[in-house]
Amino acid sequence: MQTFLESFRFMAENLGLLVQKTLELLALSGAAIGISLALALPLGMWLGHLHRGSFVSINAANIGRALPSLAVISIGIGVLGLGFLNVMVALVVLAVPPLLTNAYVAIDQVDPDAVQAARGMGMSPRQLFARVELPLGLPLVFAGVRTAAVYVVATATLAAIAGGGGLGDIIVNQASYRFPGVIAAAIWVAALALAVDLALGLAQRLATPRGVRRRTALLGPSPAAREPSGRQPRFVGAMGEGTPPAGGNLRGE
């Protein structure tokens, strides 16, 4: 308990050091997340729009999650050497899987009734994506961004073993900073990860169309999220084939 209390004294006495190391960690994390967004989001949303490539996106995500970041950094030392670039590549490998999977699922699982209605209005594929699929899938896309960002910020402390800087320099250097310094840096990283998640959660709420937020709050997930096939049951009645009327059964009675 005494060591834990002394960690707050370390924060007060070494605030400049902690801020400097935090900026290094944010620079590394920001670069990794930016590259991951540029790689994963366009590919995932394009495959989701085409409703193809689920095998590629899901298995790429599984492979990426199975690779330990420490092992990727260690292998990268032999190829890229020590420093910023090596750790950034490892963090990109960590961040791409949740971004790719969520981007694919977000667009692929948009309510098919909304898509069919937009096509019936004469929308082109580009208009359909920009005006229907992307707004409706945005919450799930942002969920992937939040997950990837927290992963990257929390894992960026491993940069210290490869000369990448950041708060990990304090955590792994117990001989110089003692246990209070190690605990202080660990608390700093945890608080930073929580702050990133809260900030992206607020951005997600602001970016989500109000109608989508209201629909989710009142009705819950869309039928595409509830039905494995993404479609409602069909029926054949006197007026032809369609969805069951309110209060009716599958035979249209």
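Check the entry above for the structure.
The rules behind these values
In every chain, residue numbers begin from 1 and rise along the written sequence. Given that the model is predicted, a residue must reach a pLDDT of at least 70 before its local features are reported, and side-chain atom pairs must reach 80 or more before they are shown or counted; all residues, however, enter totals for whole chains, interfaces and linings. As a rule here, side-chain values cover all heavy atoms of the structure and leave hydrogens and water aside. Secondary structure elements follow DSSP: runs of H or I no shorter than four residues count as helices, runs of E no shorter than two count as strands, and numbering proceeds from the N terminus. Working rule for contacts: check all heavy atoms of both residues, and any pair within 4.5 Å makes them a contact. Accessible surface is estimated by sampling points in the Shrake-Rupley manner with a 1.4 Å probe; for residues, cover comes only from the protein chains shown. Multiply 1.5 Å by the residue count of a helix minus one, and that product is the helix's expected span. Bend at a given residue is defined as the angle between two axes, one fitted to the seven residues that end at that position and one fitted to the seven that begin there. To sort residues, take the accessible area from a 1.4 Å probe on protein chains only and compare it with the maximum for the residue type: under 20% means buried, over 50% means exposed, and anything in between is partly exposed. In these notes, a set of buried Ala, Val, Leu, Ile, Met, Phe, Trp, Tyr and Cys residues joined through side-chain atoms within 4.5 Å is what counts as a nonpolar core. Here, the arc refers to the directions that run from the helix axis to the C-beta atoms. Whenever Lys or Arg places a side-chain nitrogen within 4 Å of a carboxyl oxygen from Asp or Glu, that contact is recorded as a salt bridge.

### Here we look at the overall build of the chain
- If you tally the helices and strands in the chain, you get eleven helices and two strands.
- In sequence order, the secondary structure elements of the chain are arranged as α-α-α-α-α-α-α-α-α-α-α-β-β.
- In the chain, the share of contacts with a sequence separation of at least 24, taken over all contacts with a separation of at least 6, comes to 73%.
- Carbon and sulfur atoms make up 65% of the accessible area of the chain, which totals about 13,900 Å².

### Overview of helix α9 (residues 174-207)
- Between its terminal C-alpha atoms α9 stretches only 43 Å, short of the 50 Å expected from 34 residues at 1.5 Å a residue.
- Of all the bends in α9, the greatest, near 70 degrees, is centred on P180.
- Within α9, the full set of buried residues consists of P180, G181, V182, A184, A185, V189, L192, A193, V196, G201 and Q204.
- Where α9 is buried, its residues contact α1 (2-13), α2 (15-50), α7 (125-155) and α8 (168-171).

### Topic: the nonpolar core
- Within the largest apolar cluster, 41 residues are counted, with the highest numbers of intra-cluster contacts made by L28, V87 and L91.
- Put simply, the parts of the chain that give this core at least two residues each are α1, α2, α4 (69-80), α5 (84-108), α7 and α9.
- Here this core gets twelve residues from one element, more than from any other, and that element is α5.
- With residues up to four places along the chain from it excluded, the contact list for L91 reads L28, A32, V152, T155 and A156.

### Here's the deal with the environment of L25
- Here L25 is to be found in helix α2.
- Taking the C-alpha atoms as reference points, L25 and G164, 139 residues apart in sequence, are found 8.6 Å from one another.

### Points about α1
- Between its first and last C-alpha, α1 extends 17 Å over twelve residues, near the 16 Å set by a 1.5 Å rise per residue.
- Within α1 the residues assigned to the buried category are S7, F10 and M11. Looking straight down α1, one finds that the buried residues subtend no more than 100 degrees of arc, so they occupy a single side. Facing away from the buried side of α1 by over 90 degrees, the exposed positions are Q2, R9, A12 and E13.

### Comments concerning the pattern of salt bridges
- Counted according to the given criterion, the structure contains three salt bridges.
- With a closest N to O distance of 3.8 Å, E24 and K21 form a salt bridge. Residue E24 and its partner K21 are both found in helix α2; the two are separated by three residues, about one turn of the helix.
- On the basis of relative accessible area, E24 is assigned to the partly exposed category, the value being 27%.
- Residue class for K21 comes out buried when judged on its relative accessible area of 12%.
- Linking D169 and K21 is a salt bridge whose minimum nitrogen-to-oxygen distance equals 3.0 Å. Of the two residues, D169 is situated in helix α8 and K21 in helix α2; the sequence distance between them amounts to 148 residues.
- Each member of the salt-bridge network shares a partner with another, and the members are K21, E24 and D169.

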